[in-house]
Amino acid sequence: MAKGYWVSVYPAISAPEKLTAYDNLAGPAVRAAGGRLLSRGSRVVAHEAGITQRTVVVEFDTFEQAVAAYESEPYQNALVALPDGYQRDFRIIEGTA
């Protein structure tokens with residue numbers, strides 16, 4: 001089965017410290033669902049469009065597990081804690097193998 005990945009890009013973060021409530025809820029929800037954080041706001045060397053937005057990548061054993069984790073009650077509760085004014089592009093993608 002192919003792995004599943006969450007990919008989140010934050011085009012605008014006005015106050016990073018306000019993400020704390022979301023992080024405190026999302027981290028445990030993701031880990032409980034089997035997710036493994038691969039990258040969160042790490043260093044970026046931008047090419048092409050030159051955009052260096054914060055990007056978060058989480059890996060799951062299967063695509064279905066990634067979808068179920070997003071739909072889970074604990075993660076939905078975390079989403080409520082995202083502060084107003086944040087822009088986020090969130091995708092669940094299937095790995096190639």
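Preceding block: the structure.
Residues numbered from 1 in each chain as written. Predicted model: local features only at pLDDT ≥ 70, side-chain atom pairs only at ≥ 80, totals over all residues. Heavy atoms only, no water.

Draft legend 1. Structural context of the packing of helix α1 (residues 20-32) against helix α3 (residues 73-80). Running from N to C, α1 and α3 point in directions that differ by 165°, and their axes come no closer than 8 Å. In terms of their interaxial angle, α1 and α3 are classed as roughly antiparallel. Handedness of the α1/α3 crossing: left-handed. Seen from α1, the contacting residues are Tyr22, Leu25, Ala26, Ala29 and Val30; seen from α3, they are Pro74, Tyr75, Asn77, Ala78 and Leu79. For the contact of α1 with α3, the class distribution of residues is nine nonpolar, one polar and no charged. (Axes fitted to C-alpha atoms, helices over the stretch in contact; angles between N-to-C directions. Helix = DSSP H or I, 4+ residues; strand = E, 2+ residues; numbered from the N terminus. Parallel < 35°, antiparallel > 145°, perpendicular 65-115°, else oblique. Left-handed = near helix turned anticlockwise from the far one by under 90°. Contact = heavy atoms within 4.5 Å. Nonpolar A, V, L, I, M, F, W, Y, C, P; charged D, E, K, R; others polar.)

Draft legend 2. A look at the side chain of Glu59. One can find Glu59 in strand β3 (residues 54-60). Relative accessible area serves as the criterion here: at 12%, Glu59 is assigned to the buried category. Here the side chain of Glu59 touches Tyr5 through a polar contact of 3.0 Å, side chain to side chain. Contact partners of Glu59, with chain neighbours within four places excluded, come to Lys3, Gly4, Tyr5, Gly34, Gly35, Arg36 and Leu38. (Buried < 20%, exposed > 50% of the residue type's maximum accessible area, 1.4 Å probe, protein only. Polar contact = N/O pair within 3.5 Å; in protein donor to acceptor, adjacent residues only side chain to side chain.)

Draft legend 3. Main features of the pattern of salt bridges. Considering all chains together, one arrives at four salt bridges under this definition. Linking Arg36 and Glu59 is a salt bridge whose minimum nitrogen-to-oxygen distance equals 3.3 Å. Within this pair, whereas Arg36 is found in strand β2 (residues 36-40), its partner Glu59 is found in strand β3, the two being separated by 23 residues in sequence. In this structure Arg36 comes out as partly exposed when scored by relative accessible area, which is 32%. Between Arg91 and Asp89 there is a salt bridge, with its nearest N and O atoms 3.1 Å apart. Sharing partners across several salt bridges, the network here consists of Lys3, Arg36, Glu59 and Asp61. (Salt bridge = Lys/Arg side-chain N within 4 Å of Asp/Glu carboxyl O.)

Draft legend 4. Representation of the sheet that holds β2. A sheet is described by the order of its strands in space; here four strands give the open sequence β2-β3-β1-β4, paired in antiparallel fashion. Both edges of this open sheet fall to β2 and β4 (87-94), since each of them pairs with a single strand only. Adjacent strand axes in the sheet meet at a mean angle of 15° when their direction is disregarded. In the sheet, β2 pairs with β3 via four bridges, with the strands oriented antiparallel. In the sheet register, Ser39 faces β3, and the bridge partner there is Val57. (Pairing = 2+ DSSP bridges.)

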